[in-house]
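Here's the letter readout for the chains.
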Amino acid sequence: MNKWKRMVAHVRTHRQLFLLLAIGGLYSLSIALSNTFVNVYVWKKVNSFQALGVYNLAIVTWQPLAFIVAGQIAKKIDRVIVLRMGVTFLAFFFLVVLFSGDRAMNHLFLLGGLLGIGYGFYWLAFNVLTFEITEPNTRDLFNGLLGAMTSVAGMIGPPLSGWVIASSEKFTGYMVIFLASLCLFIAAVICSFFLQRRRSAGQFALRSVYDERKKNKNWRMITNAHFFQGFREGTFVFIVSIFLFMATGTEKSLGVFGFVNAVVSFMTYSFASKWMKRQWRLRAILFGGVLLYASVFLIIFDLSYVKLIIYGALIAIGYPILLVPYLSLTFDVIGQSNHAKEWRIEYIVMRELFLNGGRATSVLLFLLAITLFDAKEAIPSLMLIVGAGHFIIYFFVRRIRLSM
């Protein structure tokens, strides 16, 4: 009985943290159901690497613009309102896909823009709330739990989506999955009404936060690291799913890939959140970065489904080992930066501008490569270049010095 009372008291004390985790979990499940399959849906409709590149370029160019606007709104009004706006834009994206059908494929840049705006508003609010709700001694735990929830969502979402889509006629399965994602986003909006309102004050000092890079070495290093994090993500976020579909010709293969990736990721996140120590952060980031880059070599020569599954397992080890300490380190750097309390929103926005700058650079290089050269030859070479992004992170974060 005493144990039960302590558990209830713990939940009440950290109610806001658990609500934020619930919202993150609903978001993760919605994305797990549909995100991988949206790119395949676009690919099947247009069958063009250029069109796919334009769609993803729209996401990563609208997203930083959305971050700036969301930051201004969060500064003047409320972070929770921004979170709801982000989820609403994401829900609207699926409404457009559901009701416009093939007509949406004629406006891929605008369609990707809807997703980019939704991501920008959602992640600005979610990251600011994470910074405000968690403390240095709870951030590794929070990031580990969120990662584990994302992994569980990955165990459920892709296999279920792959089975539904492959078992349905034409594009009916896609519509069912997109509708399910829409419902989950609506549930996330409802949960957000239980979050405590969080207002801010003062001017939106984005330029001042950028200028901090000249004075604050830690801030300069972590923003540089985020550019190279995005440098890999920009292309890899969509090209691997297309490789899987091209290698097998069925959406079920994406489901199997997602399940294997999620199971291994869940185990790794569980380990990282429980055993990761502050003094191990740099070594973990280096190990994760090396593993992520090494995994690229599996899928650029003699591509096969088995190699892609092994790749999925390897990155499921590499990402948690790198991201759990890396995200915590990022928030610690912001927490120890100049005017962190007054400028916390601007710091989050600037971090995302560098992250999406890396993503946009990656996608632009992808579009340039397939325009100038044969896609089958250019894409593997490009993946070797942009795939080094997470490995490069270490050479910036190792120069960070935090006060304990």
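Residues numbered from 1 in each chain as written. Predicted model: local features only at pLDDT ≥ 70, side-chain atom pairs only at ≥ 80, totals over all residues. Heavy atoms only, no water.

Participant: Would you mind going over the pattern of salt bridges in detail, with residue names and values included?
Facilitator: For the coordinates displayed, the defined rule picks out 7 salt bridges. Glutamate 346 serves as the salt-bridge partner of lysine 75, at 3.1 Å between the closest nitrogen and oxygen. Taken as a pair, lysine 75 in helix α3 (residues 49-76) and glutamate 346 in helix α13 (residues 340-372) lie far apart in primary sequence, 271 residues in all. In terms of burial, lysine 75 and glutamate 346 fall into one category: buried. (Salt bridge = Lys/Arg side-chain N within 4 Å of Asp/Glu carboxyl O. Helix = DSSP H or I, 4+ residues; strand = E, 2+ residues; numbered from the N terminus. Buried < 20%, exposed > 50% of the residue type's maximum accessible area, 1.4 Å probe, protein only.)

Participant: Can you break down a positive patch on the surface residue by residue, with the values?
Facilitator: Positive charge collects at one region of the surface, where Lys217, Arg398, Arg399 and Arg401 lie side by side. Position of lysine 217 among the secondary structure elements: in helix α9 (residues 217-248). (Patch = residues over 30% accessible without salt bridge, like charges linked within 9 Å, V, L, I, M, F, W, Y side chains within 5 Å. Areas by Shrake-Rupley, 256 points an atom, 1.4 Å probe, with all protein chains shown as cover. Lys, Arg positive; Asp, Glu negative; His and termini not counted. Charge placed at Lys NZ, Arg CZ, Asp CG, Glu CD.)

Participant: Could you give an account of the environment of isoleucine 299, with specific residues and numbers?
Facilitator: Relative to the helices and strands, isoleucine 299 resides in the loop between α11 (281-296) and α12 (305-335). Look at isoleucine 299 and you get buried, because its relative accessible area is 2%. Sequence separation between isoleucine 299 and proline 380 is 81 residues, and the spatial gap between their C-alpha atoms is 8.1 Å. Leave out the neighbours within four places in its chain, and isoleucine 299 touches Phe236, Val240, Phe243, Lys307, Leu308, Tyr311 and Met383. (Contact = heavy atoms within 4.5 Å.)

Participant: Which residues make up the layout of surface pockets, and what are the values?
Facilitator: Empty space within the largest pocket amounts to approximately 270 Å³. Contributing to the lining of the largest pocket are 13 residues, with Arg278, Arg281, Leu282, Leu329 and Leu402 lying nearest its centre. Counting residues per element, the lining of the largest pocket draws most heavily on α11, which supplies 4 residues. Looking at the lining of the largest pocket residue by residue, the classes come out as 8 nonpolar, 1 polar and 4 charged. Computed from the structure, the second largest pocket encloses a volume of approximately 210 Å³. Taken together, Phe49, Phe243, Met246, Ile299, Ile300, Phe301, Asp302, Leu303, Ala375, Lys376, Ile379 and Pro380 form the lining of the second largest pocket. For the lining of the second largest pocket, the secondary-structure elements that each account for two or more residues are α9 and α14 (375-386). With 4 residues, α14 is the single largest residue contributor to the lining of the second largest pocket. Class assignment for the residues of the lining of the second largest pocket results in 10 nonpolar, no polar and 2 charged. (1 Å grid on protein atoms, 1.4 Å probe; cavity = no way out; pocket = protein on both sides within 12 Å on 5 of 7 lines; lining within 4 Å. Points joined across faces, edges and corners; volume = space filled by probe spheres on them. Nonpolar A, V, L, I, M, F, W, Y, C, P; charged D, E, K, R; others polar.)

Participant: Run through a nonpolar patch on the surface, naming residues and quoting values.
Facilitator: On the surface, Val152, Ile156, Leu160, Trp163, Phe266 and Met267 cluster together into a nonpolar patch covering about 570 Å² of accessible area. Within the residue set of the nonpolar patch, elements represented by two or more residues are α6 (139-167) and α10 (252-275). Top element by residues in the nonpolar patch is α6. It accounts for 4 residues. By the secondary structure assignment, phenylalanine 266 is in helix α10.

Participant: Give me the lowdown on the side chain of arginine 84, citing residues and values where you can.
Facilitator: Its location among the elements puts arginine 84 in helix α4 (residues 79-100). At 3.0 Å, the side chain of arginine 84 and the side chain of serine 192 are in polar contact. (Polar contact = N/O pair within 3.5 Å; in protein donor to acceptor, adjacent residues only side chain to side chain.)

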